[in-house]
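Geometric and topological summary
For reference, the chains in residue letters:
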Number of protein chains: 2
Amino acid sequence: MMKSFINYRFVLHTLGVTLIFESLFMLLGIPVAAFYGETQGYAVMFESFLVTGIIGVLLSGLYNRKAMHEAKKQESFLIVSLSWLFISLLGTLPYQISGGIPRFVDAFFESVSGFTTTGSSILSDIEALPKYLLFWRALTHWIGGMGIIVLVIAIMPYFKVAGTHLMIAEGSIGGVERLSPRLIETAKRLWFIYIVLTILEIIWLTVLGMDLFDSVCHSFATIATGGFGTKNDSIISYSPAIQYVITLFMFLSGMNFALHYFGFKGKLKQVFQNDEFRAYFWIVIISSLLLTVIILGYYSNDVEMAFRQSIFQVVSIMTCTGFASADYLLWPHNAPGIIFFLMFVGACVGSTGGGIKISRYVIIFRRIRQSFRRIANPACIYTIKYNGKPVEMSIVRSIMTFALIYIGTFTVGTFLMVASGLDFATSSSSIITTLGGIGPGLGLVGPVFNFGGLPVFDKFYLAFNMILGRLEIITVLTIFTPSFYRY
Amino acid sequence: MMKSFINYRFVLHTLGVTLIFESLFMLLGIPVAAFYGETQGYAVMFESFLVTGIIGVLLSGLYNRKAMHEAKKQESFLIVSLSWLFISLLGTLPYQISGGIPRFVDAFFESVSGFTTTGSSILSDIEALPKYLLFWRALTHWIGGMGIIVLVIAIMPYFKVAGTHLMIAEGSIGGVERLSPRLIETAKRLWFIYIVLTILEIIWLTVLGMDLFDSVCHSFATIATGGFGTKNDSIISYSPAIQYVITLFMFLSGMNFALHYFGFKGKLKQVFQNDEFRAYFWIVIISSLLLTVIILGYYSNDVEMAFRQSIFQVVSIMTCTGFASADYLLWPHNAPGIIFFLMFVGACVGSTGGGIKISRYVIIFRRIRQSFRRIANPACIYTIKYNGKPVEMSIVRSIMTFALIYIGTFTVGTFLMVASGLDFATSSSSIITTLGGIGPGLGLVGPVFNFGGLPVFDKFYLAFNMILGRLEIITVLTIFTPSFYRY
């Protein structure tokens with residue numbers, strides 16, 4: 001009998017280890033519940049831990065870790081897609097056992113939105129949830145931001161053999177120039193930077209007077225570019241200083257993490273000469289200034305206020321965080337349009353943010369410029385350069401293909417939402433906001449509304465869309481193609 | 001002194017010849033005016049002829065036709081872009097001299113919309129125009145549909161030297177497999193098919209009881225995939241038989257004209273085995289059946305009626321004609337969404353229709369499928385085939401680049417329209433409908449509304465957008481790049 005080239009036992013084993021990691025994170029909810037005297041929380045988080053942990057242990061027992069082999073591409077795609085589906089499914093347990101989110105579809109939407117760092121919510125009254133659930137909600141962001149598989153690889157030494165394809169499939173090191181020749185070292189350094197940024201933000205927010213609990217939750221949501229807060233009005237009621245600090249950390253989280261590493265090492269030149277960083281920086285500045293001018297009248301010509309609201313919203317949308325410091329739908333008519341376009345931009349490659357990503361736009365833009373130059377002067381050779389080095393045409397082709405797949409996914413999704421009965425602004429913005437992992441949209445899903453009122457089909461489709469977007473589409477879609485299972 | 005590599009005298013000479021051709025077409029308005037006793041029309045059309053003709057003769061005198069050389073790429077782009085701008089500018093003369101369209105911006109919009117076969121109108125009361133102006137309006141479609149430069153090349157033997165790049169830049173033979181090794185012969189055969197189709201439709205419509213004048217105007221607008229009619233309610237009040245015939249001719253005009261040539265020659269196999277034709281055929285059928293189901297209730301379960309309205313609108317939008325046999329904005333909520341998506345599809349390469357065009361979608365779709373297959377099985381070689389032949393990767397890359405440029409142009413345009421104060425549905429649909437040369441959009445520019453109420457900036461921008469779309473963007477945009485004027 002011919003043996004299948006996908007080792008399903010290995011796939012399920014890795015899934016199991018991922019779930020064990022998730023179950024351990026669930027235990028963190030117990031001290032939070034204890035601190036706030038929410039006695040119901042003990043049982044909820046412990047039962048969630050038990051169910052998730054037992055499933056994890058059972059699955060991980062299907063494969064002998066000593067037989068560990070390098071994960072094939074197909075295995076990696078399956079592992080990553082299944083892991084993200086199952087951590088989301090089991091991540092609903094705290095919401096479901098506690099009754100905090102009674103309907104399964106809503107709990108699933110919230111859980112997927114957490115892990116994928118989208119930050120779209122079905123909750124209309126966030127503050128009604130107990131603290132330990134709010135903490136779990138923010139924690140799902142933090143787990144998903146850097147990627148749980150990267151964490152597994154960083155911590156479990158025997159996974160180093162399996163690694164490269166797995167990390168690529170999860171998208172967490174896409175575009176991060178290897179920070180170390182050893183994969184496991186790269187994974188560790190990424191998590192190190194991630195933790196340092198989180199701690200720095202917690203300290204700064206606490207110093208500025210934010211409650212420790214809120215500081216932790218908001219920092220988890222910022223560094224992961226998630227967007228789940230602890231207040232019904234997101235960041236609107238916090239002080240200007242806090243809004244600026246959150247803007248800064250959102251901006252940092254939207255950068256390629258390799259640049260943070262260079263920054264820590266004092267190699268600032270490498271940061272400021274990076275093509276993507278420069279484009280990112282200038283798009284933020286120009287869009288913010290443009291918006292400031294547009295909404296100046298709305299804020300009674302208070303320049304500081306208008307600038308703060310502009311840059312907060314621009315950075316929040318571009319980095320795909322999705323916090324709101326103002327309801328941008330109330331801004332004069334053309335401002336929401338600018339917000340909508342920024343949703344398509346996305347953050348930098350190698351960050352925790354989503355979207356098509358800026359470096360891809362840079363390369364596509366240079367490709368278009370090249371094609372115009374070639375038309376005029378076919379005899380000249382124009383190479384496409386990125387960070388001073390020529391880019392191979394096969395890479396340019398892959399990037400263009402990705403952009404077209406992204407646009408195609410957006411189009412099909414919008415079509416399905418329109419067909420399900422939503423208006424056009426709600427349809428298109430709900431798709432781009434979930435695909436990019438942003439959070440709020442336009443129309444019925446604006447920054448002060450929520451996704452709770454959408455039809456059940458739409459909620460499931462949008463949740464699927466979030467996983468699609470988080471794993472950069474191809475990882476997930478490829479497992480639905482027939483050729484995937486062929487030799 | 002270094003001589004410029006663009007021979008501007010040659011550019012202006014060709015522009016002049018084009019204008020002389022236009023002026024001769026203007027003379028055709030005089031017998032129409034005479035037949036309907038519209039005595040004002042004599043002077044209007046004759047003065048228009050004189051002004052256009054004199055400018056044409058003066059410009060054409062700048063260059064000695066015996067020195068004719070093969071047009072360089074740059075010269076071709078300049079000639080074609082300038083010709084389309086100037087035939088549109090001088091095409092406003094009949095509207096302006098007669099006072100039929102008093103404001104210049106409106107006359108320019110209407111003229112550009114005519115020549116580019118867009119069919120968007122600023123007129124609220126079409127039937128108030130005299131017959132000779134309605135005739136001129138339909139005639140601009142017919143001139144623009146096949147392309148006035150192709151006509152110049154077909155008729156003026158001394159232009160055969162200059163030809164290839166010129167015809168490519170005008171987009172009229174893009175994708176038409178050369179119908180003859182001799183360019184001039186290809187141009188002649190294209191115009192022959194064009195004229196035969198027009199005459200067939202005129203005869204058929206007249207037999208079905210349409211007035212000869214209306215038959216001629218509607219046939220001009222159909223075969224050119226234009227959309228200007230002679231009635232305020234477009235095709236809504238005509239009989240079902242007439243609606244079916246117009247649907248058929250719109251469908252035929254959306255096909256690659258090379259296939260008509262094969263069809264005339266009895267090579268039906270080449271028609272039905274053509275990848276693009278098959279995709280075109282099935283998109284029309286499937287979309288029409290889907291729409292029939294959706295709007296069945298709206299038409300009181302009258303299957304014939306619902307099917308006729310569906311297929312008419314689907315074919316009209318896909319071929320970028322823009323006639324309406326019903327106000328699709330009144331259809332149940334999700335139907336206009338389907339119409340909007342069809343606006344992005346477009347017709348076949350080598351047809352008179354616009355849009356991204358179906359063969360490009362076919363190749364992009366196959367490229368995406370290839371990229372998925374390669375991910376799963378990198379060792380296998382998957383070539384992209386089109387009509388049974390492998391497609392070179394450089395061509396695939398150009399097609400993807402074109403699609404991204406198209407989407408970029410759409411995005412920038414929508415952004416400008418939103419910034420000018422229009423709502424999102426009106427903005428995005430007015431851009432795609434003018435870029436694709438379709439005609440009606442959604443929102444304020446729906447099939448029973450018109451573009452008359454838009455701000456002046458928007459009208460000019462949309463007119464520019466029509467020329468961009470008609471000349472497939474690159475021809476026009478490239479003359480704005482600095483490298484265009486460098487060696």
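Predicted, not measured: the structure shown is a model, and the values here were computed from it.

What counts and how
- Residues numbered from 1 in each chain as written.
- Chains lettered and ligands numbered in written order.
- Predicted model: local features only at pLDDT ≥ 70, side-chain atom pairs only at ≥ 80, totals over all residues.
- Heavy atoms only, no water.
- Helix = DSSP H or I, 4+ residues; strand = E, 2+ residues; numbered from the N terminus.
- Rg over C-alpha atoms; globule rule 2.2 N^0.38 Å.
- Buried < 20%, exposed > 50% of the residue type's maximum accessible area, 1.4 Å probe, protein only.
- Contact = heavy atoms within 4.5 Å.
- Areas by Shrake-Rupley, 256 points an atom, 1.4 Å probe, with all protein chains shown as cover.
- Lys, Arg positive; Asp, Glu negative; His and termini not counted.
- Charge placed at Lys NZ, Arg CZ, Asp CG, Glu CD.
- Domains from an automatic or database assignment.
- Buried area = accessible area lost by both parts, 1.4 Å probe.
- Salt bridge = Lys/Arg side-chain N within 4 Å of Asp/Glu carboxyl O.
- Polar contact = N/O pair within 3.5 Å; in protein donor to acceptor, adjacent residues only side chain to side chain.
- Nonpolar A, V, L, I, M, F, W, Y, C, P; charged D, E, K, R; others polar.
- Patch = residues over 30% accessible without salt bridge, like charges linked within 9 Å, V, L, I, M, F, W, Y side chains within 5 Å.
- Least-squares fit on C-alpha atoms with pLDDT ≥ 70 in both.
- Axes fitted to C-alpha atoms, helices over the stretch in contact; angles between N-to-C directions.
- Parallel < 35°, antiparallel > 145°, perpendicular 65-115°, else oblique.
- Left-handed = near helix turned anticlockwise from the far one by under 90°.
- Phe/Tyr/Trp six-rings, centres within 6.5 Å; stacked < 30°, edge-to-face > 60°.
- Lys NZ or Arg CZ within 6 Å of the ring centre and 35° of its normal.

**Considerations on the overall build of chain A**
Along the backbone of chain A there are 22 helices and two strands. A compact globule built from 487 residues should have a C-alpha radius of gyration of about 23 Å, and chain A, at 22 Å, falls within 12% of that. Once the C-alpha set of chain A is aligned to its principal axes, its extents read approximately 60 × 60 × 50 Å. Within chain A, the proportion of its 487 residues that are buried is 62%. Contacts spanning at least 24 positions in sequence make up 71% of the contacts within chain A whose residues lie at least 6 apart. By element, 68% of the accessible surface of chain A is carried by carbon and sulfur atoms, the whole surface being about 17900 Å². Of note, chain A has its 33 positive side-chain charges centred 16 Å away from the centre of its 25 negative side-chain charges.

**Some points on the domain arrangement of chain A**
Residues and elements named next belong to chain A. Domain annotation of chain A identifies domain 1 (1-172 + 454-487) and domain 2 (183-450). With centres defined by C-alpha atoms, the gap from domain 1 to domain 2 works out at 24 Å. Between domain 1 and domain 2 lies a buried interface of about 4400 Å² when both sides are counted; carbon and sulfur atoms form 69% of it. Of all residues in domain 1, Trp 142, Met 146 and Glu 472 bury the most surface against domain 2, accounting for 17% of the area lost on that side. On the surface where domain 1 and domain 2 come into contact, there are two salt bridges. With a shortest N-O distance of 2.9 Å, Glu 472 and Lys 357 are connected by a salt bridge. If you look at where domain 1 meets domain 2, you find 17 residue pairs in polar contact (both at pLDDT 80 or more). Among the elements of the structure, α6 (104-115), α7 (131-146), α8 (148-155), α9 (163-170) and α21 (456-470) are those that each provide at least two residues to the side of domain 1 that touches domain 2.

**A word on the interface of chain B and chain A**
Taken together, the contact pairs 43 residues of chain B with 43 residues of chain A. Here chain B and chain A share an interface that buries about 4000 Å² over both sides, 74% of which is from carbon and sulfur atoms. Inspection of the region where chain B meets chain A yields zero salt bridges. In this structure, the connection of chain B to chain A is made through two residue pairs in polar contact (both at pLDDT 80 or more). Put simply, the parts of the chain that give the side of chain B that touches chain A at least two residues each are α4 (73-90), α17 (335-342), α18 (358-376), α19 (393-419) and α22 (474-477) of chain B. It is α19 of chain B that provides the largest number of residues to the side of chain B that touches chain A, a total of 14 residues. Tallied by class, the residues present in the side of chain B that touches chain A amount to 24 nonpolar, 14 polar and five charged.

**Some details on a nonpolar patch on the surface**
On the surface, a cluster of nonpolar side chains totalling about 510 Å² of accessible area is made up of Phe 46, Leu 50, Val 51, Ile 54, Ile 55 and Leu 58 of chain A. Relative to the helices and strands, Ile 54 of chain A resides in helix α3 (residues 40-60).

**Things to note about the environment of Phe 35 of chain A**
Turning to its location among the elements, Phe 35 of chain A is positioned in helix α2 (residues 29-35). C-alpha separation for the pair Phe 35 of chain A and Cys 380 of chain A, spaced 345 residues apart in sequence, amounts to 69 Å.

**Some points on helix α13 (residues 257-264) of chain B**
For an α-helix, 3.6 residues make a turn, and residues three or four places apart therefore share a direction. All names here are of chain B. Summarising burial for α13: six of the eight residues are buried, a large majority. The set of residues buried in α13 consists of Phe 257, Ala 258, Leu 259, His 260, Tyr 261 and Phe 262. In this structure, the buried side of α13 is in contact with α7 (131-146), α10 (183-207), α12 (240-253), α14 (268-272) and α15 (275-295). The backbone nitrogen of Ala 258 has a side-chain oxygen 2.9 Å away, supplied by the residue at the start of α13, namely Asn 256. Phi turns positive, to about 85 degrees, at Gly 266, one or two residues after α13.

**Side note on the pattern of salt bridges**
Residues and elements named next belong to chain A. Applying the stated criterion across every chain yields a total of 16 salt bridges over all chains. Across the pair Arg 360 and Glu 472 runs a salt bridge, and its minimum N-O distance is 3.0 Å. Here Arg 360, found in helix α18 (residues 358-376), pairs with Glu 472, found in the loop between α21 and α22 (474-477); they are 112 residues apart in sequence, far enough to count as distant. Judged on exposure class, the residue Arg 360 and its partner Glu 472 are both buried.

**Considerations on the relation of the copies chain B and chain A**
Once chain B has been moved 0.0 Å along the axis and rotated by 180 degrees, it coincides with chain A to within an RMSD of 0.0 Å. Such values leave the two copies arranged in the relation of a two-fold axis. Most of the interface of chain B is mirrored in chain A: 100% of its interface residues are interface residues there too.

**Side note on the packing of α18 of chain A against helix α19 (residues 393-419) of chain A**
Packed helices, taken two at a time, are described by the angle between their axes plus the distance between the axes. Residues and elements named next belong to chain A. Close contact between α18 and α19 brings their axes to 10 Å; oriented N to C, the two are set at 110 degrees. When the axis of α18 is compared with that of α19, the two are roughly perpendicular. The way α18 lies across α19 gives a crossing that is left-handed. Counted together, Arg 360, Ile 363, Ile 364, Arg 367 and Gln 370 of α18 and Met 393, Val 396, Ile 399, Met 400, Phe 402 and Ala 403 of α19 form the full contact between these two elements. For the contact of α18 with α19, the residue count by class is eight nonpolar, one polar and two charged.

**Let's talk about the side chain of Thr 116 of chain A**
Residues and elements named next belong to chain A. Following the sequence through the fold, Thr 116 ends up in the loop between α6 and α7. Its relative accessible area of 2% is what places Thr 116 among the buried residues. For Thr 116, the side chain forms a polar contact with the side chain of Thr 118, separated by 2.7 Å. Discounting chain neighbours no more than four positions away, the residues touching Thr 116 are Trp 84, Met 466, Ile 467 and Arg 470.

**Examining the packing of aromatic side chains**
Evaluation of the coordinates by the stated rule reveals 62 aromatic pairs over all chains. A centroid spacing of 5.4 Å and a plane angle of 75 degrees characterise the contact between Tyr 36 of chain B and Phe 213 of chain B, whose relative ring orientation is edge-to-face. With a gap of 177 residues between them, Tyr 36 of chain B in the loop between α2 (29-35) and α3 (40-60) and Phe 213 of chain B in helix α11 (residues 212-223) connect regions that are remote in the sequence. Look at Phe 251 of chain B and Phe 277 of chain B: their rings are 6.2 Å apart centre to centre, the planes differ by 75 degrees, and that puts the pair in the edge-to-face class. Placement of the pair is Phe 251 of chain B in helix α12 and Phe 277 of chain B in helix α15, with a sequence separation of 26 residues. When its relative accessible area of 7% is taken as the criterion, Phe 277 of chain B is described as buried. Through a chain of ring-to-ring contacts, three or more aromatic side chains come together here, namely Phe 135, Trp 142, Trp 191, Tyr 194, Phe 220 and Phe 257 of chain A. One cation-aromatic arrangement involves Arg 360 of chain A over Phe 402 of chain A; the distance from NZ or CZ to the ring centre is 4.0 Å.

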